[in-house]
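Descriptive analysis of the structure
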Amino acid sequence: MNTLDTMKPVPHLSVDEIVEQERRLTLRRFTHSDAWALGSMLVEMAHLREAPVAIDIRRGTQQLFHAALPGSSADNDAWIDRKRRVVERYGESSYLVGARHRARGTTFEESSRLDPDRYAAHGGSFPITVAGAGVVGSITVSGLPQAEDHAMVVEALERFIAT
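Here's a quick rundown of the structure. Everything numeric in this text was worked out from a predicted model, so none of it was measured.

Reading the values: the criteria
Residues numbered from 1 in each chain as written. Predicted model: local features only at pLDDT ≥ 70, side-chain atom pairs only at ≥ 80, totals over all residues. Heavy atoms only, no water. Helix = DSSP H or I, 4+ residues; strand = E, 2+ residues; numbered from the N terminus. Polar contact = N/O pair within 3.5 Å; in protein donor to acceptor, adjacent residues only side chain to side chain. Contact = heavy atoms within 4.5 Å. Salt bridge = Lys/Arg side-chain N within 4 Å of Asp/Glu carboxyl O. Buried < 20%, exposed > 50% of the residue type's maximum accessible area, 1.4 Å probe, protein only.

Remarks on the side chain of Asp34
Relative to the helices and strands, Asp34 is located in helix 2 (residues 32-49). At 2.9 Å, the side chain of Asp34 forms a polar contact with the backbone nitrogen of Thr31. With near-sequence residues (within four places) excluded, Asp34 lies in contact with Arg29 and Phe160.

A word on the pattern of salt bridges
Taken as a whole and judged by the stated rule, the model has 10 salt bridges. Across the salt bridge formed by Glu92 and Arg100, the nearest N and O atoms sit 2.9 Å from each other. For Arg100, a relative accessible area of 28% translates into the label partly exposed. One salt bridge in this structure joins Arg159 and Glu155, with 2.6 Å as the shortest N-O distance. With Arg159 and Glu155 both in helix 6 (residues 146-162), this residue pair falls four residues apart, about one helical turn. Several salt bridges share partner residues, and in doing so they unite Arg49, Glu155 and Arg159 into one network.

Written out as structure tokens, the structure is:
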């Protein structure tokens, strides 16, 4: 069995656990080739798991990678845009931003005063952070429940960093 075809059970994560993920998933660099390698890894993971997802990787506002797997739809692209805008605005994962609001007993939609048609603090978009440079882009998955979208991105970044 290929190690890319099994997804670990997705635990409930605390704000502190998500913050720790973001801290440790820092890259040394992020090039066009890195985006292709990381995106291709995500596509392989999704194919093996038959995950109906769309994948988007950006550096700044430039889209470096996009893939839509069987079962995904244009709705997933709209979710990608909404989740990615949260990362661009806050410099944190869309899952973390939503978790911070829930921890305060509210929701992002109630408290942020941002248009919910343009912003979604649901799991699946993660900042691409480069050591010494900070957040330079985003990687986003849409098509699974939000915790699973987030977990798939985290797993791909962990594998990518390990290579």
